[in-house]
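Chain and residue survey
Each chain, written out:
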Amino acid sequence: MGRVKTALIKRNTLKLFSLYKDKFTNDFNDNKKVVDEVVEVQSKKLRNVIAGYVTRLKKQETTED
């Protein structure tokens with residue numbers, strides 16, 4: 001089992017994912033760069049958690065198709 005994401009992370013990530021869906025990929029490192037460009041994140045850890053969740057959502061999306 002993985003870690004539990006807070007409501008703040010989920011809410012912000014889903015908003016970013018819906019707005020910039022075409023910019024995100026299945027690669028975590030690319031998503032970190034996109035999150036840095038799109039949002040001013042307070043800490044590196046927060047950026048990484050958001051990028052990781054976006055990567056997970058993108059992978060789920062591609063497997064559903």
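Residues numbered from 1 in each chain as written. Predicted model: local features only at pLDDT ≥ 70, side-chain atom pairs only at ≥ 80, totals over all residues. Heavy atoms only, no water.

A few words on the pattern of salt bridges. Per the counting criterion, the structure on display carries 3 salt bridges. With a shortest N-O distance of 3.2 Å, Arg 47 and Asp 36 are connected by a salt bridge. With a gap of 11 residues between them, Arg 47 in helix 3 (residues 44-64) and Asp 36 in helix 2 (residues 28-38) connect regions that are remote in the sequence. Here Arg 47 falls in the buried class, since its relative accessible area comes to 14%. Exposure remark for Asp 36: the relative accessible area of 43% places this residue in the partly exposed category. We note a salt bridge from Lys 58 to Glu 61, for which the minimum N-O separation is 3.4 Å. Linking Lys 58 with Glu 61, this pair stays in helix 3, spanning 3 residues, or about one helical turn. Lys 58 sits in the buried class, given a relative accessible area of 13%. Since its relative accessible area comes to 21%, Glu 61 is described here as partly exposed. (Salt bridge = Lys/Arg side-chain N within 4 Å of Asp/Glu carboxyl O. Helix = DSSP H or I, 4+ residues; strand = E, 2+ residues; numbered from the N terminus. Buried < 20%, exposed > 50% of the residue type's maximum accessible area, 1.4 Å probe, protein only.)

Before going further, it helps to spend a moment on the packing of aromatic side chains. Taken as a whole, this structure holds 1 aromatic pair when the rule is applied. With 6.5 Å between their ring centres and 25° between their planes, Phe 17 and Phe 24 make a pair best called stacked. In terms of burial, Phe 17 and Phe 24 fall into one category: buried. (Phe/Tyr/Trp six-rings, centres within 6.5 Å; stacked < 30°, edge-to-face > 60°.)

As for its placement among the helices and strands, Leu 46 is situated in helix 3. By relative accessible area, which is 23% here, Leu 46 ends up partly exposed. C-alpha of Leu 46 to C-alpha of Ile 9: the two residues are 37 residues apart in sequence and 8.2 Å apart in space. When residues no more than four places from it in sequence are discounted, the contact partners of Leu 46 are Ile 9 and Val 41. (Contact = heavy atoms within 4.5 Å.)

Residues that lie three or four places apart on an α-helix share one face, since the helix turns once every 3.6 residues. Within the sequence span of helix 2, burial applies to Asn 31, Val 34 and Val 35. The buried residues of helix 2 all sit within an arc of 100° when viewed along its axis, so they share a single face. Within helix 2, the exposed residues directed more than 90 degrees away from the buried face are Lys 33 and Glu 37. Where helix 2 is buried, its residues touch helix 3. (Arc of directions from axis to C-beta.)

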